[in-house]
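A closer look at the structure
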Amino acid sequence: MNMKKTSSDSRFIQYLDERIRLRSLLGFLLEEPMPGGARWAYVFGSMVLFTLVLQFVTGVMLAFYYGGTPDHAWDSVNYIDHLRYGNLDVGRLIRGFHYWGASIMVVLVGVHLLQVFLWGAYKRPREIMWLVGVILLALTMTAAFTGYLLPWDERAYWGTIVGTNMIGLVPVVGPLLKSAIRGGTGLGALTLSHFFAIHTMMLPSLFILFVVFHLVIFRRVGPAGPFRGTSATLEARKEYFYPRQVLMDALAMLTVFVLIAGLSVVFPPGLEATANPANSSYSPTPAWYFDWIFELLKMIRPEILGVIGLPAIIALVLVMLPFVDKNIERSPFRRPVSVLSTLLVLGSILGLSIAAEAGFKKLVPLDLASVKRGKIVFEHSGCMGCHMVMGKGGHIGPDLSEEGLIGHSEHWLEVQFINSSSHFPGSPMPPFTFLSPEQRRDLAQYVSSLGRTGWPDTTR
Amino acid sequence: MRQEVVFRMGIPVQNASGQAIGTLEKLVFLETEKKITEIVVRDFSSLKRVPLVWIRELTEHVLVLDHPGTLEDLPVFDISQFEEVPTWFYPPGYRIELGSLLTLKPCDERFLGESEAMSRRDFMAKSTGLVATLIGISLVVPIGGYVLAAAKTKLSDHWITLSIRLDQLPVDEPVSHTFNAVSVSGWMRVPVVRTVWLIRHSGTTDPLSVSEDQILGLDSPLEKSRSSPLLTVLSPICPHLGCSPQWFSGKKLFICPCHHSIYEMNGKRIGGPAPRPMDQLPVQIEKDGAISILYEEFQVGIPQKIRLS
Ligand code: FES
């Protein structure tokens, strides 16, 4: 079963084989027998592993330029966003990889878990492997939660305020836990360094430890194989992990990579205005994968039941599943109760997420060319006589630096320009009726962009 | 704890009636279930596959089957279809001699034969390598650019208008002028206090109005084009090893306290270890006498005037 020694092996391979027993090492890693042969259904674990490695690599890259204190974090992320090499927006690209890599990783972890569940692959003797997988799921969610704060923009700050408040709802230990995570009662410098340390030091070490554990167990008990077919037929069709499954996995990884790269180019991650604890009008939104918990917070009273209760039940079910479910039947078609209840939970998570997204204030979608024209209109029509934007302008009207985050519609803004008193009776703002309809639209676009984009390039 | 099952190869195999019908040769392992399912018995003509459940009794010296007759009707064991099981797969609870546990080969090897299976695997391995290279390159290129991006960033020249005007300066008497500037490192902007020497000259005919750097032609095009016969601006950094030369009005000389490099008023070195004159900085004088300078730093310890970017 060892790698066959062939005459084509290079001198280098022979050298290594003598010193580190390369062939038998490779044999251990690659000659995994797969009952029933290689299948596309088995690629999800490798896809998750790939996104994890991508997160490691891009995360280290981001840390090259990141400054983990409240007075520098936002500046450093903005700096990264503007880093260019030749014509390549390298900074935004690397940050995009990390940002979209995180989302895709959460999706893939979910798909991997679902596949293992449907295949009944968590059953004896793979209970411990499943358990380690549940730990890896928890690490993934913790990484997502802690990474969200690091850019230190409005979204990060207010999202984390809500997130840590939820932890505070845990009975008995909650308040202590919350202030331990925050490093005090409020969100500040210590929260950021706590989150940074957890995100970049603790989690990667734990990830490596448990991924290795997961894989070693996998190598020892082997893959569960298809849920159909007798063991004799599966044995007759068995293949090694290498090379067909490896090739399938590699192609699946390539697909994930193309997807992440595409998303990073087409939808680069945004950066809102720097965290402003005084901005009481900001309505926080969580990362999409926490939407359902966010929605539960609104729906269920007392809050604690929805926020702590349901996730706790899900965690408990995930942990206990292989120890309680001792039925050796693996086919999902003969386990209707567990499969249907899982689909029900998934369906409600999906429903809650959609409801949450629908409930969020929609910000005006930006057309950057129009924003640029609007800026000129803003600067030449006397707006700055009364309004302050990023420290420049008058004091008579309200500061508009973060106006785009409030979520007024374009129509509301266009009415505001020509008839302010319809929104604010007695408003001293003069009617800007001399603006053409195009100018009004551009101006509305510009005002909607404030606090969301257009940050100064600090790289040159 | 369960008693360990010991298989010893070569022991005699007896049938139900106690006749010796062969010897124990190998064990067959079903990888799918991680179980031993068959034993291989060498009878007088060939190797035979016998189901494990047929074993009635197993000791270290003899193996007795439930089966009454000979093994003639059982399938023949074809060793070319099997291969050895690595030790890390050995099932717990058994003692098995090394090399005696066999399992079915993967299907491509059984169906295609070893050499064709190998070349097919080789093809798939190369395809995998291609995919990996593709991902690697498209990752390494942006990362390389990303790492180098900051290093390649050009410092933008930052002209600073000083708080002092030309007519406020004494003639032919160097003045150490302090001003506030910003030092930039990546996203960080740190306010710093800097000093330069300002030397006002009486006029264009004044021999001192030409700095030694100009005379020796050490200046860069920027420094050449931005100079004034009315004012010389000298860097406060000694070109020897970076101390700060001081002006002694009595001797009309700059003297560096560290290793006693001595310079004249236009920066000319007249003694000491310094490899070049004091460095002249670019300056611009407006009509109203306002002074703008560009603060530059240069490599110390070498005769050339090389700007640190
Ligand atoms: S540093 Fe000025 S003489 Fe050495």
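The rules behind the values
- Residues numbered from 1 in each chain as written.
- Chains lettered and ligands numbered in written order.
- Predicted model: local features only at pLDDT ≥ 70, side-chain atom pairs only at ≥ 80, totals over all residues.
- Heavy atoms only, no water.
- Helix = DSSP H or I, 4+ residues; strand = E, 2+ residues; numbered from the N terminus.
- Buried < 20%, exposed > 50% of the residue type's maximum accessible area, 1.4 Å probe, protein only.
- Areas by Shrake-Rupley, 256 points an atom, 1.4 Å probe, with all protein chains shown as cover.
- Pairing = 2+ DSSP bridges.
- Disulfide = S-S within 2.5 Å.
- Contact = heavy atoms within 4.5 Å.
- 1 Å grid on protein atoms, 1.4 Å probe; cavity = no way out; pocket = protein on both sides within 12 Å on 5 of 7 lines; lining within 4 Å.
- Points joined across faces, edges and corners; volume = space filled by probe spheres on them.
- Nonpolar A, V, L, I, M, F, W, Y, C, P; charged D, E, K, R; others polar.
- Domains from an automatic or database assignment.
- Salt bridge = Lys/Arg side-chain N within 4 Å of Asp/Glu carboxyl O.

Moving on, we get to the overall build of chain A. Counting secondary structure elements, chain A contains 17 helices and four strands. Overall, the C-alpha framework of chain A stretches about 85 × 60 × 40 Å when taken along its three principal axes. Relative to its 460 residues, chain A shows a buried fraction of 46%. Total accessible area on chain A is roughly 22,700 Å²; 69% of this is exposed by carbon and sulfur atoms.

Next up on the list: the pairing of strand E12 (residues 175-185) of chain B. Residue and element names in this part refer to chain B. As paired elements, E12 and strand E13 (residues 188-200) share 11 bridges and run antiparallel to each other. Following the sheet pairing, alanine 181 is matched in E13 by valine 192. Hairpin connection between E12 and E13: a loop of two residues separates the two successive antiparallel strands, and glycine 186 in this loop has a positive phi of roughly 60 degrees.

All names here are of chain B. Counted according to the given criterion, the structure contains one disulfide over all chains. The disulfide that involves cysteine 243 links it to cysteine 258, with 1.8 Å between the sulfurs. Judged by the sign of its S-S torsion, about -90 degrees, the bond between cysteine 243 and cysteine 258 is left-handed. You can see cysteine 243 sitting in the loop between strand E14 (231-234) and strand E15 (246-248) and its partner cysteine 258 sitting in the loop between strand E16 (253-255) and strand E17 (262-263), a full 15 residues away along the chain.

All names here are of chain A. Within the secondary structure, glutamine 245 sits in helix H11 (residues 241-266). It is 6.8 Å that separates the C-alpha atoms of glutamine 245 and arginine 39, two residues lying 206 residues apart in sequence. Excluding its chain neighbours within four sequence positions, the residues that come into contact with glutamine 245 are Met34, Ala38, Arg39, Tyr42 and Val43.

This brings us to empty space enclosed by the protein. As enumerated under the stated definition, the model contains two cavities of 30 Å³ or more in all. By volume, the largest cavity amounts to about 40 Å³. Class assignment of the residues belonging to the lining of the largest cavity gives a composition of four nonpolar, four polar and one charged.

Here chain B is partitioned into domain 1 (6-106) and domain 2 (159-294). Placing the centre of domain 1 of chain B and that of domain 2 of chain B at their C-alpha centroids yields a distance of 96 Å.

All right, on to the pattern of salt bridges then. A side chain with one charge may pair with a side chain of the opposite charge, provided their charged atoms come close. Inspection of every chain in the model, using the stated rule, returns 31 salt bridges over all chains. Note that Glu329(A) is salt-bridged to Arg334(A), the shortest N-O span being 3.0 Å. We classify Glu329(A) as partly exposed; its relative accessible area is 23%. Judged by relative accessible area, Arg334(A) falls into the exposed class, the value being 58%. With a closest N to O distance of 3.2 Å, Glu33(B) and Lys35(B) form a salt bridge. Owing to a relative accessible area of 36%, Glu33(B) belongs among the partly exposed residues under this scheme. Lys35(B) gets classed as partly exposed once you look at its relative accessible area, which sits at 45%. Within this structure, Asp213(B), Asp219(B), Glu223(B) and Lys305(B) form a network of salt bridges that share partners.

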